[in-house]
Amino acid sequence: MPLARLVYASLAPAPVSSRDLMEILEVARFRNRKDGITGLLCYANRRFLQVLEGPPEAVCETFYRLVRDSRHCEIRLLDFRHTANRLFDDWTMGFAGVAEITNDIVAKHSPSGDFVGFASAPDAALAFVTELGPLLSSGDLAPAA
Ligand code: FAD
């Protein structure tokens, strides 16, 4: 089955609470399971970085819904490519928050040394999520309280 991977960055208009993150993840995981989508959602400092992977049409349709969601703005498509393998096949939508997004791993990849830098550096963003994924324990992670 053909697969595609999409990476985007966005900004939350205001800080997002654990409860609001949980709500986003609950809907995302429910929809993604039905749509054959897997991926990773990162959140830190009002910035989201998300990977969606799955059948190309499902990935695009999910992204079209996402861009209409007022819970984030300044959405930047960083990467869309066809791929042979999923990076996050264990997760209907994994989550990485401040506990997982350590200064070391951010500094290693981000050209500006902070999480914000990924929004303008597609290759760095992809390298970051590729390294971060296997470091997280497998299964759908809930956001830290
Ligand atoms: P409905 O639930 O019918 O909502 C209608 C509209 O309102 C849509 O434009 C929707 O985006 C928006 N909306 C829904 N709830 C809220 C709210 N609480 N506040 C403001 N606007 C709202 N969905 C996925 O399927 N997969 C994902 O991986 C995924 N990841 C997400 C990551 C982020 C950072 C965010 C903010 C949202 C994510 N979503 C994801 C949710 C997605 O944007 C849609 O809300 C969801 O897919 C339901 O789509 P719907 O058309 O059925 O919308």
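How each quantity is defined
- Residues numbered from 1 in each chain as written.
- Predicted model: local features only at pLDDT ≥ 70, side-chain atom pairs only at ≥ 80, totals over all residues.
- Heavy atoms only, no water.
- Axes fitted to C-alpha atoms, helices over the stretch in contact; angles between N-to-C directions.
- Helix = DSSP H or I, 4+ residues; strand = E, 2+ residues; numbered from the N terminus.
- Parallel < 35°, antiparallel > 145°, perpendicular 65-115°, else oblique.
- Left-handed = near helix turned anticlockwise from the far one by under 90°.
- Contact = heavy atoms within 4.5 Å.
- Nonpolar A, V, L, I, M, F, W, Y, C, P; charged D, E, K, R; others polar.
- Buried < 20%, exposed > 50% of the residue type's maximum accessible area, 1.4 Å probe, protein only.

Caption draft 1: Expanded view of the packing of helix 1 (residues 18-35) against helix 2 (residues 56-67). Taken N-terminus to C-terminus, the directions of helix 1 and helix 2 make an angle of 155 degrees; their axes are 11 Å apart at the nearest point. Relative to helix 2, the element helix 1 lies roughly antiparallel. Here helix 1 runs over helix 2; the crossing is right-handed. Contacts between helix 1 and helix 2 involve Arg-31, Asn-32 and Asp-35 on the former and, on the latter, Ala-58, Thr-62 and Arg-65. Among the residues making up the contact of helix 1 with helix 2, the classes are represented as one nonpolar, two polar and three charged.

Caption draft 2: Just the side chain of Gln-50, in detail. Along the chain, Gln-50 falls in strand 3 (residues 47-54). What makes Gln-50 buried here is its relative accessible area of 6%. Once you skip the residues sitting within four places of it in the chain, Gln-50 turns out to touch Leu-6, Val-7, Tyr-8, Leu-40, Leu-41, Leu-66 and Met-93.

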